[in-house]
Amino acid sequence: NKGIKALGIDISPVALEKAKENGVECKLLDITEKLPFEDNSFESVLLLDVLEHMFQPEPVLKEAARMAGKYVYISVPNFVSLPARLQVLFGGVPENNTLRKGHIFWTTRKIIHLLIEKCGLEIEKEVFTTFLGDKPLLGPIMKVLVKIKPELFTLAFAIKARKL
């Protein structure tokens, strides 16, 4: 609707059918392999809730950086947030790592920052999502706590990374 040309890539034929029903051009490809696109083929590459599903996220991120002309946008859950730590403390499995989620690679802020740097990218902007952020009294408090200790009070990290 905004004049943006997009191409979706997935390994799931079911996901591709859903995308096509919504008018998204897409291809059936395995992103763990070298993709059939030239360097800098796309202005931006989006890896939104992707890397935590990879056994080896580094080659996937390197391939995204290769294909991106300028930016790679990444979002990942924070597996060491306060709610996740409390779930483990009380004998549970963090909600964001239950079997139904399919998460393989546990991401933390430090890990994703190191991975981004290792793949020849530089963080331009980082956005944090938190729990209770939409509550009238607790929301402003949570926003302050996120700024002080994002590793503990962030549920997910969204990052705009620029190619070096």
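Refer to the structure presented above.
So, here's what we can say about the structure. Keep in mind that this is a model prediction, so the values were computed, not measured.

### A word on the pattern of salt bridges
- Within this structure, the stated rule accounts for nine salt bridges.
- Here E126 makes a salt bridge to R109, at a shortest N to O gap of 2.9 Å. One end of the pair, E126, is in strand β5 (residues 121-129); the other, R109, is in helix α4 (residues 109-118), and 17 residues separate them in sequence.
- The buried category is assigned to E126, whose relative accessible area is 18%.
- Across the salt bridge formed by R162 and E122, the nearest N and O atoms sit 2.3 Å from each other. Residue R162 is located in strand β6 (residues 156-163), and its partner E122 is located in strand β5; the two are separated by 40 residues in the primary sequence.
- Taking the relative accessible area as the measure of exposure, R162 reaches 26% and is therefore partly exposed.
- A residue is classified by how much of its surface remains accessible, and E122, at 34% relative accessible area, is partly exposed.
- One network of salt bridges, in which partners are shared, links E122, E124, K160 and R162.

### Notes on the side chain of E63
- Locating E63 in the fold gives a position in helix α2 (residues 57-67).
- Every residue in contact with E63, bar those within four places of it in the chain, is listed here: E33, K34 and L35.

### Section: the side chain of T108
- Along the chain, T108 turns up in the loop between α3 (82-89) and α4.
- On the basis of relative accessible area, T108 is assigned to the buried category, the value being 16%.
- Discounting residues that sit within four places of it in the chain, T108 has contacts with N78, V80 and F157.

Thresholds, definitions, all that
Residues numbered from 1 in each chain as written. Predicted model: local features only at pLDDT ≥ 70, side-chain atom pairs only at ≥ 80, totals over all residues. Heavy atoms only, no water. Salt bridge = Lys/Arg side-chain N within 4 Å of Asp/Glu carboxyl O. Helix = DSSP H or I, 4+ residues; strand = E, 2+ residues; numbered from the N terminus. Buried < 20%, exposed > 50% of the residue type's maximum accessible area, 1.4 Å probe, protein only. Contact = heavy atoms within 4.5 Å.

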